[in-house]
Each structure stands twice: as structure tokens, then as C-alpha cells.
Amino acid sequence: MAGEEPLRRRLRNLPGSAWVIFSGMFLIKFGNFLNVFLVLFLVSRGFSAFQAGVALGVVGVGAFVGNAIGGSVADRFGRRNAIAVSMFGSSAATALVPLADGLLTTTALVGVVGVFAQLYRPAAGALLVDVVPEEQRVTAFAVLRLAINVGMAVGPLVGGLLSGASYTYVFLGDALFSLAFGVLALCTLPGGRPPAQDPAEAAAEGGRGGYRAVFADRPYLLFLGSMVAATFVYGQSTATLPLHVTDAGFDNKVYGLLLGLNALLCVLIELPLTRHTERRTPRRVIAAGLLLLGLGMALTGAVQAVWLLALTVVVWTVAETVYTPIANAYPAEFSPAHLRGRYQGAEGIAHTLGGALGPAVGGLLYGISAPLHWVVCGAVAALGAGLALAAVPPARAPKSAAPAAEPAPAA
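The model shown is predicted, which means the values in this text are computed figures rather than measured ones. In every chain, residue numbers begin from 1 and rise along the written sequence. Totals for whole chains, interfaces and linings use all residues, but because this is a predicted model, local features are given only for residues with pLDDT of at least 70 and pairs of side-chain atoms are given and counted only at 80 or more. Hydrogens are left out, water is left out, and the side-chain values use all remaining heavy atoms of the structure.

Enquirer: How would you sum up the overall build of the protein? Please name residues and give values.
Expert: The helix count covers DSSP runs of H or I at least four residues long, the strand count covers runs of E at least two residues long, and both are numbered beginning at the N terminus. Broken down by element type, the protein carries 20 helices and zero strands. At 21 Å, the protein has a C-alpha radius of gyration in line with the 22 Å of a compact globule built from 411 residues. Judged by the C-alpha coordinates and their principal axes, the protein covers about 60 × 50 × 45 Å. Put simply, the protein has 411 residues, and 50% of those count as buried. Between two residues, a contact is recorded if the distance between any of their heavy atoms is within 4.5 Å. A sequence separation of at least 24 residues applies to 86% of the contacts in the protein between residues at least 6 apart. For every accessible area listed, the method is Shrake-Rupley and the probe measures 1.4 Å; residues are considered covered only by the protein chains on display. Of the roughly 17,500 Å² of accessible surface on the protein, 68% is carried by carbon and sulfur atoms. Of the charged side chains in the protein, 26 are positive and 20 negative, and the gap between their average positions amounts to 2 Å. The quantity called the radius of gyration is restricted to C-alpha atoms. Its globule counterpart is 2.2 Å times the number of residues to the power 0.38. Buried, partly exposed and exposed residues are distinguished by accessible area as a fraction of the type maximum, computed with a 1.4 Å probe on protein chains only: under 20%, between the cut-offs, and over 50%, respectively. Residues counted as positive are Lys and Arg, residues counted as negative are Asp and Glu, and His and the chain ends are not counted. Taken as the charge location is NZ of Lys, CZ of Arg, CG of Asp or CD of Glu.

Enquirer: How would you explain the packing of aromatic side chains if you had to name every residue and give the values?
Expert: For Phe, Tyr and Trp, where Trp contributes only its six-membered ring, two rings pair if their centres lie within 6.5 Å, and the inter-plane angle classes them as stacked under 30 degrees, edge-to-face over 60, or tilted in between. According to the stated counting rule, one finds 16 aromatic pairs in the structure shown. On the basis of an interplanar angle of 85° and a centroid distance of 5.1 Å, the ring pair of tryptophan 19 and phenylalanine 22 is categorised as edge-to-face. Within this pair, tryptophan 19 and its partner phenylalanine 22 are both found in helix H2 (residues 16-30), separated by three residues, close to a single helical turn. A relative accessible area of 34% means that tryptophan 19 is categorised as partly exposed. Classification of phenylalanine 22 as buried rests on a relative accessible area of 3%. Three or more aromatic residues link up through ring pairs in this structure, and these residues are Tyr220, Phe223, Tyr330, Phe334 and Tyr343.

Enquirer: Residues and numbers for the packing of helix H5 (residues 79-96) against helix H9 (residues 167-188), please.
Expert: Axis lines are fitted to C-alpha atoms, over the contacting stretch for helices. Their N-to-C directions set the angle, which ranges from 0 to 180 degrees. H9 packs onto H5 with a crossing angle of 160° between their chain directions and a minimal axis gap of 8 Å. Here H5 is positioned roughly antiparallel relative to H9, judged by the angle of their axes. Pair H5 / H9 crosses with left-handed handedness. On H9, the residues touching Arg80, Ile83, Ala84, Met87, Phe88, Ser90, Ser91, Thr94 and Ala95 of H5 are Phe171, Leu172, Asp174, Ala175, Ser178, Leu179, Phe181, Gly182, Val183, Ala185 and Leu186. Tallied by class, residues from the contact of H5 with H9 come to 13 nonpolar, five polar and two charged. Oblique is the label for any angle not covered by the other classes, which are roughly parallel (under 35 degrees), roughly antiparallel (over 145) and roughly perpendicular (65 to 115). Crossings are assigned a handedness: left-handed for a near helix turned anticlockwise from the far helix by less than a right angle, right-handed for a clockwise turn. Polar here means any residue other than Ala, Val, Leu, Ile, Met, Phe, Trp, Tyr, Cys and Pro, which are nonpolar, and Asp, Glu, Lys and Arg, which are charged; Gly is therefore polar.

Enquirer: Give a detailed account of the pattern of salt bridges, specifying residues and quantitative values.
Expert: By salt bridge we mean one thing: a side-chain nitrogen of Lys or Arg within 4 Å of a carboxyl oxygen of Asp or Glu. Evaluated as defined, the whole model comprises seven salt bridges. A salt bridge links arginine 342 to aspartate 75; its shortest N-O distance comes to 3.2 Å. One end of the pair, arginine 342, is in helix H19 (residues 340-368); the other, aspartate 75, is in helix H4 (residues 49-77), with 267 residues separating them in the sequence. What makes arginine 342 buried here is its relative accessible area of 10%. Classification of aspartate 75 by relative accessible area gives buried; the value is 9%. Across the pair aspartate 130 and arginine 79 runs a salt bridge, and its minimum N-O distance is 2.7 Å. A residue pair is termed long-range when its members are at least 10 positions apart, and aspartate 130 in helix H7 (residues 121-131) and arginine 79 in helix H5 qualify at 51 residues. Given the relative accessible area of 11%, aspartate 130 is considered buried. Here arginine 79 falls in the buried class, since its relative accessible area comes to 2%. Each of Asp75, Arg79, Asp130, Arg340 and Arg342 takes part in a single network of salt bridges with overlapping partners.

Enquirer: Give a description of H19 that names residues and reports values.
Expert: A helix's residues, less one, multiplied by 1.5 Å, set its expected span. An ideal rise of 1.5 Å per residue puts 42 Å on 29 residues; H19 measures up with 42 Å between its terminal C-alpha atoms. Take the seven residues that end at a residue and the seven that start at it, fit an axis to each, and the angle between those axes is the bend at that residue. Largest kink in H19: about 25°, centred on glycine 358, with the proline proline 359 one to four residues after it.

Enquirer: A description of the nonpolar core should follow, citing residues and the corresponding values.
Expert: Among buried residues, those of type Ala, Val, Leu, Ile, Met, Phe, Trp, Tyr and Cys that are joined through side-chain atoms within 4.5 Å constitute a nonpolar core. Counting 81 residues, the largest nonpolar core has Ile21, Ile83, Phe223 and Ile286 as the members making the most contacts within it. For this core, the leading source of residues is helix H17 (residues 306-329), giving ten residues. Contact partners of isoleucine 286, with chain neighbours within four places excluded, come to Phe223, Met227, Tyr323, Ile326, Ala327, Tyr330 and Ala388. Core analysis: the second largest hydrophobic core is formed by 15 residues, Leu34, Ala52, Ala100 and Leu109 among them.

Enquirer: Any chance you could break down the packing of H4 against H7 for me, citing the residues and the numbers?
Expert: Geometrically, a packed helix pair is captured by the angle between its two axes and the distance between the axes. The contact between H4 and H7 brings their axes to 7 Å, and the two run at 45°. One finds that H4 runs oblique with respect to H7. The segment H4 lies against H7, with Asn67, Gly70, Gly71 and Ala74 engaging Arg121, Pro122 and Ala123.

Enquirer: Give me the side chain of serine 86: which residues, what numbers.
Expert: With respect to the helices and strands, the residue serine 86 is situated in helix H5. Judged by relative accessible area, serine 86 falls into the buried class, the value being 0%.

Enquirer: Pulling in residues and values, what's your account of the state of the cysteines?
Expert: Throughout, a disulfide means two cysteine sulfur atoms within 2.5 Å of one another. Under the definition given, this model contains zero disulfides. Unpaired in this structure, cysteine 377 has its nearest cysteine sulfur neighbour in cysteine 266, at a distance of 18 Å. Given the relative accessible area of 0%, cysteine 377 is considered buried.

Enquirer: Before we move on, can you summarise helix H3 (residues 33-44) with the specific residues and values?
Expert: For H3, built from twelve residues, the straight-helix expectation of 16 Å at 1.5 Å per residue is met to within 8% by its first-to-last C-alpha distance of 16 Å. Two residues or fewer past H3, glycine 46 is found with a positive phi of approximately 100°.

Written out as C-alpha cells, the structure reads:
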């Protein structure tokens, strides 16, 4: 069993294309300066905090659209092409941001950045499913998250140094990192098209294709609902947790330390933990992780001492490392090969929706009643756990245990 192999051997056995995806994800998360510094950039140009917040919200809307389009592009035109279009488009649009004149033009341009910057995501996830053997997928997605976490932890420090010189350098740096991933993808990733639809599957779908087939998959919709709930609750770590820390009488340094503890634990324990969780039934692992997430968030409202707040962070961080790698790999259990991009895109849409609802609804509830807010977080996580348990994937033909071959280059 993959879970019984030493971690180092399992990492060595991952195919080369997977490591290209890991490297690319590190690059673009390291260089994700636009999202981090957009508000400060616009305020420095004389716009209000509200106007800057609206512009950042438009980036989120663009990300929602990009996930949906990216799934179709990945399935129709190939994974490598989708990643290249995403990175080159994002690079060009980001480089133009400091040249934009006026709030409306800048807001429209960063919306375009949001679309292109997320268009790659379904393709990257589908490609990992294409080339990584089934028994190694959870490990692959755990490594992917490690690359993301390390990039996001280190990148803003570099962005802060660049912003001290000029915000133009910030956006050019972001554009260069996206460009680097695009070139890396074109030069090293396989260019094959996704497998054609099986005739038996086509007959079973009754003529439904594309996202119609995805959203007609009721068990998968239950899984997507659980991901909306998970992202809603986890989003409180950046939406309302800082408010709770401030209300408890602490400054932003304490909040920064709590987030640092979260990032450190993710880096240290997630990969070793997957060795044990990947042996279990995926939907049960996801449900257990969501229940633990809800417990950690619900306890936040009951504590105010720093060490107790740190303990709640440990609880919901362990929950994150339990369910997230399994959940990232779980769409492959539902998706036929020719729709993997769209299934990954639908998962991205669910996370984007949860990420939008979390700060909005969470902030509203916190303003009405802080204790009620944290109780609701626990209830939403429990609802997500129930949805995950009910999301039973269809029975498919047994898959070979041999390593998956990478797609041949397209003619």
C-alpha cells in the first residue's frame, strides 16, 4: 500500500509532471503580490478604502468566472494549453495595472487578472489526476498544498520590500512569476488531450455534457456543498478571528503570531499525516476533519487568553491538514476522465463561493452577536460533515495499480 511506503520513496515515485505543477504553484503563490498589495496601492493613489475593497472584490468575482471557464478549457483544449493561457494572460494584465488610469479602468483590469489568474486551477488539478496513480493522489495534493503554503508564507515578505521602492515593481514581479510558470508549463508539461468520452458513459448521461453533467451529479453536489461550508468556516480565520483577537484586548502582533502558528503546523504535519489519512474512507476523513474544524472555531468564541487562542488554532489547523488533501483528491472519485477539468472547476467554484460568503455573512453575524457567530460556525461545519458523509461516489471499473502514464503530446 502507498501509505506503508516511506514518505521519501513516495515523493520520489511521483511523476515529473506533478513536480512541474508543484514548482509552478510555488512560483505563482510566492509572487501573488496583486491580491496582497492591491488595496494599499489604490489607497496610495488617493482612492478610499471602500473603493479599494470593491476593486479587490472584483478580483474575487473574476476568480469565480476563471474557475468555471478554466474547467471547460482544460477539457476541450488540454491541460497544458489551459495553464499557459492562464499564466500568459495573467502576466500581461498584471503588468498593465500600474499603467491604468482611473478607478473604473483599474477595477476592470484587476477583474481580468482574476479571471486569468484562476483559469489554470482546474487544469492543474486535472493534470495531477491524469498522471498520478490513484494510490498516490492524496500525497500529491498534500505536496501541492505544501508548495502553496511555503510560497504564500515567504512571498509577501519579498513583496513588502518591493513595495518600499515602488508599487510598479510589485506588479511587475507578480507578472514575471506568472510568466515563468507559463514558460515552464509549455516546455515541460505533456500536451496530450484528455481521453475521449466512453460510449457507455455517454449513454448513461443521456446527452448531458459539460457542466450540465457535473451539476446533474447529485452526490458530487453534496460534496460541493460540504466544501462551501468548509471554506465558509475556515475563512473566519482571516475574517472575524482578527476582530475577536482585538476585542480580547490584544494587538495585531498576536493575530500575526496565531496565523504564523497555523502556517508552521501545516508545513510540519500535513505530509506525514496524509500517510495515515489516505488509508481511510475519504468521505469519513473529510467529515471528521470538518467536525474538528467546527469544534476549533466554536471554541474560539469561548476563550480569550493567548495560550487558549493558540490551542484553538492548533485544533482547526489539524482539522485543515486532515480533510484538505483528501478533499482535493476526492473529485477524481466522481469525475469521468473527459470531464476532470470541469469537476475540478466546479470544486473551485464551491471554494470561491464559500470564500465570498465567509467574510460577508461572518462579519454580519459577528456584528450582531459574537458568541452566536462562533456557534453558527460550528453548526455550519457539522452540516458540511453531514453532506460529506452523504457524498458517495459512483462505483467504477477497478483501476490498475500500475503508475499512470503521462498523456502523449498532441499532434
